[in-house]
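# Summary of the model geometry
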Amino acid sequence: MSWVVDFWIPLVKAVVVVLVLLASGAYATWAERKICARFQVRYGPNRAGRFGLLQPLADAVKAIFKEEIVPSHVDRALYVIAPGISFAAVLITFAVIPFGPEVELFGQKVGLWIGDVSVSLLYLLAIAGLAAYGVVLGGWSSNNKYSLLGALRAAAQMISYELPMGLALLGVVLINGSVSLRQIVDSQGSWPLAVLQPIGFLVFLVAILAEGNRSPFDLPETENELISGFMTEYGGMKFALYYVAEYTAMVVNAAITATIFLGGWKWPAVLSDLHPLVGVALFLAKVGLMVFVFIWIRASLPRVRYDKFMRFCWKFMVPLSLLNLAATAVVLAVMA
Amino acid sequence: MIRDAITGLYHLLRAMGVTLRYFFTRPVTVQYPDERVQLYPRFRGRHELRKYEEGPNIGLERCIGCALCAAYCPTQCIYVQAAENKDGVKRSPGERYAEIYEINLLRCMFCGYCEEACPTGAIVLKREFALADYSRQSLIFTQDRLLQPTDPHAVTLDDQK
C-alpha cells in the first residue's frame, strides 16, 4: 500500500504542477502584452475572447499549424534538441520550490512541493546553469552569425551574473544555516529575507532578470543588433517552445524570488497559519507581484549595453555581494 | 561610486514611478471599427463630384470639363475628357461637361490641389477614408462613382468642429 502512495502522490503532484506551469507560461505572454500595453497607454490584445484571454490559445494554434522549417546548414540534432533543453530546464527548476505547507489529503500527509531536496538552493543554481545550454546550443547549431553572437553573449553573461547571484544567496544561507528551500521559507515567518538582506535582494533581482533573459538584460536576443539572437533561425513550434520557455522561466524566476526573499507561502505567518490554502494564495500573490515587477521593469527601463552590463556585473555587483556577505557574517558572529 | 549607485537607484525608481503613473491612466486607443474616430476639421478623404443642389442650375453637374484639376494634379491621377453641351442635352451649366472623369486613387496623395484649382467647386475631398479594396481596377474611380455621395463608414464624433 505504501509504495502506491509513494509512487502516485509525487506523480500526481508533478503532473498538476507541470500543467499549471505550462498554463502560467502561456498566460504570462498574455499578461506581458496586456500590462506592457497599459504602460504604453493602449489596450493590448482584446479581440480573442474577453480581455483577449483566448489570445494564448490562438497563438498556440497558429504556431502548431506553421510549417516546421529546418534551415539547410544547421546542425540538425542540436538544432532540434536545443529548445527542448531550455524548456525542460525551466520546468524542472520548479521541482524544489515549496508552494505551500504540509496538508492532510484523504488521510495522507501531502507536502505541497514536489521534491524535498536538502540542497535545493544548489539545485536551483545548477539548473540555472543548465538552462543556458539551451540558448548556447541553439545559437551555435543555427550556423548564423547573429545566432552565434547571441549564444556567445548568453554564455558570457551567464558567467558574470551567476557569481553575484551565488554570493547574494550565500548571505541567505548564512542567516539560515541551511540550503534547503523548505527551511528557508519556514524561517521567514515573521520577516521576509528581503528586509534582512536588502542588498542581497537587489543583487539577486538584477541577476535573476539577467538569468531569465529579461529586459533590461535581454542581451542574447537584442532585436536591434542581433535580430532575435539565438532564436533568429527558429520558426513554428520550435520558436514557440523557446518563447514559452522564456515566459515560464519568468514565472519560475518570480517564484524563486518570492520563495527566497519574500517569504514564500509562509510570510506573514499570522495569515498563513490560518489555513494551508491561505499560504498557497500568499505564494501565488507574491509570484504575481514579481511577474508584474518584471514586466514593469521591461516597460520602463531601456536595454543595457553589453559591455556595460559585463562591467557592472564584475566591477560592481561582485564586490557589492562580497561586502554584503562579509557584513552578514560579521553581524551574525557578533550576535552569536 | 557608492553615491553614484545610490543616485542611480533613486533615478531608476523615479523613472519606474513615472511609468507606473501611466499604467493607471486610461488608454488613448480608439477601438476603430467599434468606435467612431475624431477626424480633424480639414481632413481630406475620398473625392466627390458635386452637383448643384439649388438655384437656376439645380440638378446639373458643377464640372465643366475644364481639366484644370488634371493640370494641377501633382501625381497626374485625374483624367478628364470634355464634350460639348449640345442638342438640348445639358449636363452642366457651361459650354462643355466632363464626358469621362476618372481618378486613380492608387496614385492620389490626397493633397487637395484639385479642389483648389476647380473654378466651379465641382470636386471636393470628403471625409471617407476606409478605401481598401481587393483589386486595383476598382480603385480607379469613374465618374458615376465619384458623383455618388461619399459614405463614411466611421465618421467623426463631431464633424463640424
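Rules used throughout
- Residues numbered from 1 in each chain as written.
- Chains lettered and ligands numbered in written order.
- Predicted model: local features only at pLDDT ≥ 70, side-chain atom pairs only at ≥ 80, totals over all residues.
- Pairing = 2+ DSSP bridges.
- Helix = DSSP H or I, 4+ residues; strand = E, 2+ residues; numbered from the N terminus.
- Buried ≥ 20, exposed ≤ 12 C-beta atoms within 10 Å, placed from the backbone.
- Contact = placed C-beta atoms within 7 Å.
- Nonpolar A, V, L, I, M, F, W, Y, C, P; charged D, E, K, R; others polar.
- Core = buried A, V, L, I, M, F, W, Y, C linked by C-beta atoms within 7 Å.
- Expected span 1.5 Å × (residues − 1).
- Bend = angle between axes of the 7 residues up to and from the residue.
- Axes fitted to C-alpha atoms, helices over the stretch in contact; angles between N-to-C directions.
- Parallel < 35°, antiparallel > 145°, perpendicular 65-115°, else oblique.
- Left-handed = near helix turned anticlockwise from the far one by under 90°.

Turning to the sheet that holds strand β2 (residues 78-84) of chain B, a few remarks are in order. Residue and element names in this part refer to chain B. Strand order in the open sheet made by the 3 strands is β2-β3-β5, with antiparallel pairing throughout. Each edge of the open sheet carries a strand with a single partner, namely β2 and β5 (140-141). As defined by bridge partners, strand β3 (residues 96-104) adjoins β5 across 2 bridges and the pair is classed as antiparallel. Residue pairing in the sheet places Ile103 in a bridge with Phe141 of β5.

Residues and elements named next belong to chain A. Summarising the element assignment, Leu332 is placed in helix α13 (residues 306-335). Take Leu332: there are 13 C-beta atoms within 10 Å of it, and that puts it in the partly exposed class. Taking the C-alpha atoms as reference points, Leu332 and Leu174, separated by 158 residues in sequence, lie 8.1 Å from one another.

Quick look at the interface of chain A and chain B now. Contacts between the two partners involve 9 residues from chain A, matched on the other side by 11 residues from chain B. Broken down by element, the residue count for the side of chain A that touches chain B peaks at 3 residues, all from helix α12 (residues 276-300) of chain A. Split by residue class, the side of chain A that touches chain B holds 6 nonpolar, 1 polar and 2 charged.

Take the nonpolar core next. Residues and elements named next belong to chain A. Counting residues in each nonpolar core, the largest one holds 89 residues, and the members touching the most others are Phe204, Ala207, Val251, Ala254, Ala255 and Val291. Counting residues per element, this core draws most heavily on helix α10 (residues 236-261), which supplies 16 residues. Residues within four places of Ala207 in sequence aside, it is in contact with Tyr161, Pro164, Met165 and Ala168.

With that settled, consider helix α1 (residues 2-23) of chain B. Over its 22 residues, α1(B) extends 31 Å from the first C-alpha to the last, a length consistent with the 32 Å expected when each residue adds 1.5 Å. Buried residues are scarce in α1(B), accounting for 0 of its 22 residues.

Let us now look at helix α3 (residues 76-93) of chain A. Residues and elements named next belong to chain A. Spanning 18 residues, α3 covers 27 Å between terminal C-alpha atoms, matching the ideal 26 Å at 1.5 Å per step. Along α3, the sharpest change in direction is near 30° and occurs at Ala82; proline Pro83 comes one to four residues later. Packing partners of the buried residues in α3 comprise α1 (2-39), α4 (120-141) and α10.

Attention now goes to the packing of helix α8 (residues 198-211) of chain A against α13(A). Residue and element names in this part refer to chain A. Between α8 and α13, the shortest axis-to-axis distance is 9 Å and the interhelical angle comes to 150°. With respect to α13, the element α8 is oriented roughly antiparallel. In the packing of α8 onto α13, the handedness of the crossing is left-handed. Of the residues in α13, those touching α8 at Ile199, Gly200, Val203 and Val206 are Met317, Leu320, Ser321 and Asn324. Here the contact of α8 with α13 is composed, by residue class, of 5 nonpolar, 3 polar and no charged.

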